[in-house]
Amino acid sequence: MTDLLNLWPLGMAYLIINAIGFLLMGWDKNQARSRSRRIPEKWFFILAFLGGALGAWLGMQIFRHKTRHTTFVLGIPLLLVWNVLVMYVLGQHLSL
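Let me sum up the structure you'll find in this document. (Residues numbered from 1 in each chain as written. Predicted model: local features only at pLDDT ≥ 70, side-chain atom pairs only at ≥ 80, totals over all residues. Heavy atoms only, no water.)

1. Observations concerning helix H3 (residues 70-94)
Helix length check: H3, at 25 residues, gives a terminal C-alpha distance of 36 Å against a target of 36 Å (1.5 Å per residue), a fit within 8%. The complete set of buried residues in H3 reads Phe-72, Gly-75, Ile-76, Leu-79, Asn-83 and Gly-91. (Helix = DSSP H or I, 4+ residues; strand = E, 2+ residues; numbered from the N terminus. Expected span 1.5 Å × (residues − 1). Buried < 20%, exposed > 50% of the residue type's maximum accessible area, 1.4 Å probe, protein only.)

2. Let's talk about the packing of aromatic side chains
Inspection of the entire model under this criterion finds four aromatic pairs. Measuring from centroid to centroid gives 6.1 Å for Phe-44 and Phe-72, while their planes differ by 70°, and the two rings are edge-to-face. Here Phe-72 lies in helix H3 and Phe-44 lies in helix H2 (residues 41-63), a separation of 28 residues in the sequence. Judged by its relative accessible area of 0%, Phe-72 is buried. (Phe/Tyr/Trp six-rings, centres within 6.5 Å; stacked < 30°, edge-to-face > 60°.)

3. Overview of unusual backbone geometry
The residue Arg-64 is not glycine, and still its phi comes out positive at about 50°. Its place among the elements puts Arg-64 in the loop between H2 and H3. We note that Lys-66 has phi near 65°; this positive angle belongs to a residue other than glycine. Position of Lys-66 among the secondary structure elements: in the loop between H2 and H3.

4. A look at the nonpolar core
Counting ten residues, the largest nonpolar core is built from Met-25, Ile-39, Phe-44, Ala-48, Ala-53, Ala-56, Met-60, Phe-72, Ile-76 and Leu-79. Listing elements by their share of this core, those giving two or more residues are H2 and H3. Per-element accounting of this core gives the leading share, five residues, to H2. (Core = buried A, V, L, I, M, F, W, Y, C linked by side-chain atoms within 4.5 Å.)

5. Focus: a nonpolar patch on the surface
Taken together, the side chains of Trp-8, Met-12, Leu-15, Ile-16, Ile-20, Leu-24 and Trp-27 present a nonpolar region at the surface, about 700 Å² in accessible area. Checked against the element boundaries, Leu-24 lands in helix H1 (residues 2-33). Relative accessible area serves as the criterion here: at 31%, Leu-24 is assigned to the partly exposed category. (Patch = residues over 30% accessible without salt bridge, like charges linked within 9 Å, V, L, I, M, F, W, Y side chains within 5 Å. Areas by Shrake-Rupley, 256 points an atom, 1.4 Å probe, with all protein chains shown as cover. Salt bridge = Lys/Arg side-chain N within 4 Å of Asp/Glu carboxyl O.)

6. Overview of the packing of H2 against H3
Running from amino to carboxyl end, H2 crosses H3 at an angle of 90°, the nearest separation of the two axes being 8 Å. Considering their axes alone, H2 and H3 lie roughly perpendicular with respect to each other. Between H2 and H3, the contacting residues are Glu-41, Phe-44, Phe-45, Ala-48, Phe-49, Gly-51, Gly-52, Ala-53, Leu-54, Ala-56, Trp-57 and Met-60 on the first element and Thr-71, Phe-72, Val-73, Gly-75, Ile-76, Pro-77, Leu-79, Leu-80, Trp-82 and Asn-83 on the second. Its residues assigned to classes, the contact of H2 with H3 comprises 16 nonpolar, five polar and one charged. (Axes fitted to C-alpha atoms, helices over the stretch in contact; angles between N-to-C directions. Parallel < 35°, antiparallel > 145°, perpendicular 65-115°, else oblique. Contact = heavy atoms within 4.5 Å. Nonpolar A, V, L, I, M, F, W, Y, C, P; charged D, E, K, R; others polar.)

See below:
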């Protein structure tokens, strides 16, 4: 039980950053449709690198946004693998 309590903040941070990535992908799609001010692409990659790759990827799929950009089609899944590796290492370290 204490192992789960140690990992709880990490899990909550992961959920929050992925929710932000997902919502920003949807917001940017809406902005693109209305030809309004957009989110710079580098911010999606920064967010994905910091743990939000799953949310960004889900947002790409659900909102059909950035799916023609090779950098996103390849980069976001690679960052998702990076996120899984980092979470695994952090989980191992925190559960000791």
